[in-house]
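These are the residues of each chain, in order.
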Amino acid sequence: KYRIDLLSRSGAVVATISSPRPRRAVNAAMRAAVTAEELGLLEGAGAEEMVDASESRRVVRSAPFSDSLPALQSLLVSKSDAVLWIVDAIAPGDSVWTAIGLRPDASIVGALRVPTSLGLPHAIDRDRVVVSHTDESGLVRLRTYPMRTRN
């Protein structure tokens, strides 16, 4: 589980947000996705010539791997309405990312479910989400999408 303390300017705890759910376990598909991505970087266009390609591949495949994801990906604050957006950990190979918005009194404002194909969360405001997307050449683009309510 995780716990987030909201502190006053003097450092006193004003509110606490906690989640009793366990951290998400890393499975074989997640590990395979990371390994494939690293091998692609190793062997892709623009990669340096390898002295021993088979040894480099072996090192990538045998690298230590965490058994669980972090409790969360990031914390983003909406400047216009002081909503704290908690972005859940995003696993390699995930097709969506999710976030929950909390007011300073810890009441829930809403939740987001966004396809990872649109990009990863960079900023969230009252009516829009800014995502970053990195293309194959390493160019990072920021895009803004309006929030839509689900009926």
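Preceding this section is the structure that the text describes.
What counts, and where the lines are drawn
- Residues numbered from 1 in each chain as written.
- Predicted model: local features only at pLDDT ≥ 70, side-chain atom pairs only at ≥ 80, totals over all residues.
- Heavy atoms only, no water.
- Helix = DSSP H or I, 4+ residues; strand = E, 2+ residues; numbered from the N terminus.
- Contact = heavy atoms within 4.5 Å.
- Buried < 20%, exposed > 50% of the residue type's maximum accessible area, 1.4 Å probe, protein only.
- Pairing = 2+ DSSP bridges.
- Axes fitted to C-alpha atoms, helices over the stretch in contact; angles between N-to-C directions.

(A) Looking closely at the side chain of Thr35. Here Thr35 is to be found in helix α1 (residues 28–43). Sequence-distant contacts of Thr35, that is, excluding residues within four places in its chain, are made with Val60 and Arg61.

(B) Seen up close, unusual backbone geometry. A positive phi angle is found at Ala82, which is not glycine, with a value near 55°. Mapped onto the elements of the fold, Ala82 is located in the loop between β3 (72–77) and β4 (84–88). Look at Ala82 and you get partly exposed, because its relative accessible area is 41%.

(C) The arrangement of the sheet that holds β4 in detail. Pairing is antiparallel in the open sheet, where four strands are placed in the order β3-β4-β5-β6. The open sheet has two edge strands with one neighbour each: β3 and β6 (108–115). Across the sheet, the mean angle from the axis of one strand to that of its neighbour is 20°, orientation sign disregarded. Pairing of strand β5 (residues 96–102) with β6, which is carried by seven bridges, proceeds in the antiparallel orientation. Considered in β6, the bridge of Val96 is made with Pro115.

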